[in-house]
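The chain contents come next:
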Amino acid sequence: GHGLESETPLDPEACADEALLMGLRLAAGIDKARFRRRTGRALETVVDPAAVRDFTDLGLLIDDPDTLRATPAGLAVLNSLLARLAR
């Protein structure tokens, strides 16, 4: 009755990767504290810090103490960003 044919639980690493991929597609981005609570991992351990710095300098990401989010320009090229962001 819920529309799912099957359901496969994700391991913690896959769960963190999925939260990164989906979270950056949201206008609000990723709440770092919520990410840690839901995945058991700090966001900083899932993303490449050099890529975050580079994309922030280029105006594609906003990285503040509470969130990581894509700017409008970053959303336009998000698939490319994600390929470099994920460790």
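Residues numbered from 1 in each chain as written. Predicted model: local features only at pLDDT ≥ 70, side-chain atom pairs only at ≥ 80, totals over all residues. Heavy atoms only, no water.

J.: Kindly report on the environment of valine 52, identifying the contributing residues and their values.
T.: Positionally, valine 52 belongs in helix α3 (residues 49-57). Judged by relative accessible area, which is 7%, valine 52 ranks as buried. Counting along the chain gives 32 residues from valine 52 to arginine 84, while the straight-line C-alpha distance between them is 9.1 Å. Setting aside chain neighbours within four positions, we find valine 52 in contact with Val47, Leu61, Asp63, Leu68 and Leu85. (Helix = DSSP H or I, 4+ residues; strand = E, 2+ residues; numbered from the N terminus. Buried < 20%, exposed > 50% of the residue type's maximum accessible area, 1.4 Å probe, protein only. Contact = heavy atoms within 4.5 Å.)

J.: Before we move on, could you go through the nonpolar core and cite the residues and values that matter?
T.: Leu20, Leu24, Leu43, Phe55, Leu61, Leu81 and Leu85 are the most contacted members of the largest nonpolar core, which has 19 residues in total. Elements supplying a minimum of two residues to this core: α1 (12-23), α3, β3 (67-70) and α5 (78-85). When residues of this core are assigned to their parent elements, the largest contribution, 4 residues, is made by α5. (Core = buried A, V, L, I, M, F, W, Y, C linked by side-chain atoms within 4.5 Å.)

J.: Which residues make up the side chain of threonine 67, and what are the values?
T.: For threonine 67, the position within the fold is in strand β3. Of note is the side chain of threonine 67, whose polar atom sits 2.7 Å from the side chain of arginine 69. Those residues in contact with threonine 67 that sit more than four places away from it in its chain are Ala28, Ile30, Asp31, Lys32 and Ile62. (Polar contact = N/O pair within 3.5 Å; in protein donor to acceptor, adjacent residues only side chain to side chain.)

J.: Describe the side chain of threonine 39, with residues and values.
T.: Its location among the elements puts threonine 39 in helix α2 (residues 32-39). Of note is the side chain of threonine 39, whose polar atom sits 2.7 Å from the backbone oxygen of phenylalanine 35. Within the structure, the side chain of threonine 39 is placed 3.2 Å from the backbone nitrogen of arginine 41, a separation counted as a polar contact. Once residues lying within four places of it in the same chain are set aside, the contact partners of threonine 39 are Pro12, Cys15, Ala16 and Ala19.

J.: So what about α3? Which residues, and what values?
T.: Given 3.6 residues to a turn, an α-helix orients residues that are three or four positions apart in the same direction. Regarding α3, the residues found buried are Ala51, Val52 and Phe55. Looking down the long axis of α3, one finds its buried residues gathered within 100° of arc, a one-sided arrangement. When the buried face of α3 is taken as reference, the exposed residues oriented beyond 90 degrees from it are Arg53 and Asp57. Tucked inside the fold, the buried residues of α3 contact β2 (61-63), β3 and α5. N-cap assignment for α3: the residue whose side-chain oxygen lies 3.0 Å from the backbone N of alanine 50 is aspartate 48. Residue glycine 59 follows α3 closely and has a positive phi angle near 80°. (Arc of directions from axis to C-beta.)

J.: Would you mind going over the sheet that holds β3 in detail, with residue names and values included?
T.: Read from one edge of the open sheet, 3 strands run β1-β3-β2, paired in antiparallel fashion. Every interior strand has two partners, whereas the edge strands, β1 (30-31) and β2, have only one. Judged from the 2 bridges that link them, β1 and β3 form a sheet pairing that is antiparallel. Bridged to isoleucine 30 within β3 is leucine 68. (Pairing = 2+ DSSP bridges.)

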